[in-house]
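Listed below are the residues making up each chain.
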Amino acid sequence: MSENWHSVTLKIPFASEKHALIAKRTIEVDPELQPHAVKRIITVEENILIAAFSTLTIRLARLVANAFLENVDLVVRTLEQFGEEAENPPSS
């Protein structure tokens with residue numbers, strides 16, 4: 001990429017690799033709204049969710065990082081609320 005791009009990498013630890021993978025799969029479904037100006041790579045290493053962003057402006061770097069963290073927060077709160085129930089549904 002050209003030197004005009006700005007990079008941000010976020011590393012978020014989860015309780016387990018399984019939870020990090022759930023977060024990755026949940027978040028990566030939504031495409032970037034400005035694919036010409038934002039490049040995103042989301043990976044998981046053990047229990048760490050890693051998101052690397054490259055953007056055309058510093059402002060976009062802040063906005064995509066903020067939006068990503070809001071999505072992570074939603075996933076974490078959902079896992080806290082429903083994680084065990086989703087993994088172990090009641091038997092009939």
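None of the values given here were measured: they were computed from a predicted structure. (Residues numbered from 1 in each chain as written. Predicted model: local features only at pLDDT ≥ 70, side-chain atom pairs only at ≥ 80, totals over all residues. Heavy atoms only, no water.)

1. Considering the nonpolar core
Formed by 20 residues in total, the largest nonpolar core has its most connected members in Phe 14, Ile 27, Leu 49, Phe 53, Phe 68 and Val 72. Per-element tally for this core: the top contributor is helix 2 (residues 58-87), with 7 residues. (Core = buried A, V, L, I, M, F, W, Y, C linked by side-chain atoms within 4.5 Å. Buried < 20%, exposed > 50% of the residue type's maximum accessible area, 1.4 Å probe, protein only. Helix = DSSP H or I, 4+ residues; strand = E, 2+ residues; numbered from the N terminus.)

2. Brief notes about the pairing of strand 2 (residues 38-45)
Pairing between strand 2 and strand 3 (residues 48-55): 8 bridges, direction antiparallel. In the strand pairing of strand 3, Ile 41 is matched with Ala 52. Two successive antiparallel strands, strand 2 and strand 3, enclose a turn made up of 2 residues, where Glu 46 displays a positive phi of approximately 55 degrees. (Pairing = 2+ DSSP bridges.)

3. Notes on the sheet that holds strand 1 (residues 6-13)
Taken in spatial order, the 3 strands of this open sheet run 1-3-2, and their pairing is antiparallel. Because the sheet does not close on itself, it has two edges, and the strands there are strand 1 and strand 2. The mean inter-strand angle of the sheet, taken between neighbouring strand axes irrespective of direction, is 15 degrees. Where helix 1 (residues 17-27) meets the sheet, its contacts fall on strand 2 and strand 3, and the angle it forms with strand 2 comes to roughly 160 degrees. (Axes fitted to C-alpha atoms, helices over the stretch in contact; angles between N-to-C directions. Contact = heavy atoms within 4.5 Å.)

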